[in-house]
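Listed here are the chains, written in short residue letters.
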Amino acid sequence: MSEVQWIYAPWKIKHKIFILIFLPFVFWLSWYSNGGNSWTSSLPFSCKLHYDHARRDGSYLDHLLEIRLPRMNYSQPETMNLLRTDVAVLTPWFAPIIWDGTFNIDILNHQFKQRDVRIGLVIFAIKKYVVFLQLFLETAETFFMVGYKVNYYILTDRPKDVPNVTLAEGRRVVVLKIPSHARWQDVCLNRMEIISVFTKQQFIHEVDYLVSADIDMRFSDHVGVEILSDTFGTLHPGFYRAKRQHFTFERRPASQAYIAVDEGDFYYAAGFYGGTVDEVYKLANQCHNGIMTDKANSIEAVWHEESHLNKYFLNHKPTKILSPEYLWDNGMGVPEVLRKRRFVAVPKNHAEIRN
Ligand SMILES: CC(=O)N[C@H]1[C@@H](OP(=O)(O)OP(=O)(O)OC[C@H]2O[C@@H](n3ccc(=O)[nH]c3=O)[C@H](O)[C@@H]2O)O[C@H](CO)[C@H](O)[C@@H]1O
Ligand SMILES: [Mn+2]
């Protein structure tokens with residue numbers, strides 16, 4: 001008799017039992033150790049997906065990518081000298097306030113490029129506001145997130161009026177048709193609901209960060225990854241020097257946007273804010289809920305969704321604050337602290353354009 005013992009013989013009854021019990025266990029272990037996201041994550045063909053994901057995440061493959069990146073030469077960061085002496089560059093909750101002179105864009109690009117971040121710029125062009133699209137898009141191509149993947153999400157009731165603008169590689173226009181509203185106030189208020197719905201449905205699968213901007217604006221200087229953070233808000237050009245009791249917060253306690261006179265950090269403009277897709281979803285959803293509750297109580301906040309945004313940022317402090325360089329109105333002149341005007345209001349005839 002032969003002494004050969006089969007170590008692995010799937011055709012034998014005992015080994016079949018072995019396969020039936022052991023193989024599922026191997027798959028389960030692999031799935032579990034992959035974070036339990038998807039059973040396909042344990043298969044080899046998903047490696048590339050995971051690699052791409054990790055790149056964007058800035059997580060565990062960083063050290064591999066770094067080998068291929070060039071060395072950087074830049075002057076040593078200062079520990080004993082201030083970058084700016086004329087403005088605050090940090091909030092009491094340790095969020096940086098972004099002014100010209102406070103950041104080195106080369107260092108930031110070096111960091112963000114490794115993650116290959118994708119940015120969604122959300123803009124509404126309802127009714128006559130489509131006239132602002134051309135200049136907005138052209139100047140965004142020159143100044144906004146140059147060198148990065150950008151999706152321009154244009155929410156409009158007039159898709160046919162979206163102009164054809166030449167875009168750099170990796171950047172595209174995504175036109176999303178939405179209904180219009182008779183009152184301009186409702187167009188503004190409705191932005192929160194639309195952003196929350198599309199973020200959950202679509203944006204979350206396509207980009208890493210979302211930036212929401214007014215359309216009656218043009219870019220006139222660099223706006224790049226220095227703005228990106230979990231959440232960021234912009235200091236309103238009309239109130240960045242004002243005392244909090246003069247902020248135009250909603251002051252009626254009946255509104256969900258109510259803020260007392262002795263509360264509030266800054267007055268944030270609704271014309272430029274953003275964050276990671278997850279955080280923008282939470283923000284838009286919560287503001288939308290506040291707006292709906294107000295509606296049920298027959299009250300409309302004084303500055304519409306901007307009032308609700310300010311209430312949200314009071315309770316959920318932004319992790320970065322943009323100086324008014326990132327939202328300026330030339331009607332306010334050009335104070336000395338403002339070394340750059342990056343995103344500027346385009347003058348408009350309110351009565352004409354809103355009706
Ligand atoms: C710079 C800034 O902080 N602007 C805020 C401010 O004024 P603005 O006076 O700048 O508001 P606005 O007329 O620009 O309206 C806000 C945005 O809604 C869209 N829109 C509005 C009306 C319309 O018929 N079609 C249309 O597409 C468009 O994207 C526009 O940019 O107050 C508004 C609410 O009162 C919003 O909070 C704006 O974000
Ligand atoms: Mn505006």
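Note that residues are indexed from 1 along each chain, following the sequence as it is written. Written order decides the labels, with chains lettered from A and ligands numbered from 1. Given that the model is predicted, a residue must reach a pLDDT of at least 70 before its local features are reported, and side-chain atom pairs must reach 80 or more before they are shown or counted; all residues, however, enter totals for whole chains, interfaces and linings.

Participant: Even after reading the chapter, I still don't get the overall build of the chain, so can you show me in this structure?
Facilitator: Counting secondary structure elements, the chain contains nine helices and ten strands. Between the buried cut of 20 or more and the exposed cut of 12 or fewer other C-beta atoms within 10 Å of a residue's own C-beta lies the partly exposed class, and all C-beta atoms are placed from the backbone. When each of the 355 residues of the chain is scored for burial, the buried share is 32%. Note on contacts: each residue gets a C-beta atom placed from the backbone, and two residues are in contact if those atoms are within 7 Å. For the chain, long-range pairs separated by at least 24 residues make up 72% of all intrachain contacts whose partners lie at least 6 apart in sequence. Helix and strand assignments follow DSSP, with helices taken as H or I runs no shorter than four residues and strands as E runs no shorter than two, numbered in order from the N terminus.

Participant: Looking at this model, I keep getting lost on the nonpolar core. Mind explaining?
Facilitator: Within soluble globular proteins, side chains that are nonpolar generally end up buried alongside one another. Grouped together as the largest cluster of nonpolar side chains are 70 residues, with contacts concentrated most on I119, L121 and I123. Apart from residues lying up to four places away in sequence, I123 is in contact with F136, Y152, I154, A213 and I215. To form a nonpolar core, buried Ala, Val, Leu, Ile, Met, Phe, Trp, Tyr and Cys residues must be joined through C-beta atoms within 7 Å.

Participant: Please clarify how the UniProt feature "active site" (unreviewed entry) in the chain should be interpreted in this entry.
Facilitator: This chain's UniProt record puts "active site" (unreviewed entry) on E306. Relative to the assigned elements, E306 resides in helix α8 (residues 305–315). Its 24 C-beta neighbours within 10 Å are what place E306 among the buried residues. Those residues in contact with E306, other than ones at most four positions away along the chain, are A269 and A270. UniProt positions are given in the numbering used here, feature names are shortened, and annotations may be inferred rather than shown by experiment.

Participant: Quick question: what am I supposed to make of the pairing of strand β3 (residues 149–156) here?
Facilitator: Consecutive side chains of a regular strand alternate in pointing toward one face of the sheet and then the other. Burial of β3 is extensive: seven of the eight residues sit out of reach of the surface. Two strands qualify as a pair provided that DSSP identifies no fewer than 2 bridges between them. With eight bridges connecting them, strand β2 (residues 118–125) and β3 associate as parallel partners. Along β3, the bridge assignment pairs A125 with T156. In this sheet, strand β4 (residues 171–177) lies alongside β3 in parallel orientation, the contact comprising seven bridges.

Participant: Teacher, can you tell me more about the sheet that holds β3 here?
Facilitator: As a general point, the strands of a sheet are linked pairwise by backbone hydrogen bonds and lie either parallel or antiparallel. A sheet is described by the order of its strands in space; here eight strands give the open sequence β1-β9-β7-β8-β5-β2-β3-β4, paired in mixed fashion. This sheet does not close on itself; its edge strands, each paired only once, are β1 (97–98) and β4. As paired elements, strand β5 (residues 209–213) and strand β8 (residues 268–276) share five bridges and run antiparallel to each other. Looking across to β8, one finds that V211 is bridged to G274. Contacts from helix α7 (residues 277–296) reach β5, β7 (231–235) and β8, with the element oriented near 135° to β8. The strands touched by α8 are β7 and β8; relative to β8, the strand with the most contacts, the crossing angle is about 50°. Interaxial angles span 0 to 180 degrees and are taken between N-to-C directions of axes, which are lines fitted to C-alpha atoms, for helices over the stretch in contact.

Participant: What am I meant to see in the site of ligand 1 here?
Facilitator: Contacts to ligand 1 come from 21 residues, most closely from Y129, D214, A269, A270 and G271. Mapped by element, the contributors of at least two residues to the shell around ligand 1 are β2, α6 (184–206), β8 and α8. In terms of residue class, the shell around ligand 1 is made up of 13 nonpolar, two polar and six charged. Put plainly, near means the residue's C-beta atom, positioned from the backbone, lies within 6 Å of the molecule or strand in question. Throughout this entry, Asp, Glu, Lys and Arg are counted as charged residues, while Ala, Val, Leu, Ile, Met, Phe, Trp, Tyr, Cys and Pro are counted as nonpolar. The remaining residues, Gly among them, count as polar.

Participant: I keep staring at the UniProt feature "binding site: an alpha-L-fucosyl-(1->2)-beta-D-galactosyl derivative" (unreviewed entry) in the chain and nothing clicks. Help me out?
Facilitator: In the numbering used here, UniProt assigns the "binding site: an alpha-L-fucosyl-(1->2)-beta-D-galactosyl derivative" (unreviewed entry) feature to H236, T248, E306 and D329. Mapped onto the elements, H236 comes out in the loop between β7 and β8. Look at H236 and you get buried, because 23 C-beta atoms sit within 10 Å. Residues in contact with H236, not counting those within four places in the same chain, are Y267, Y268 and A269.

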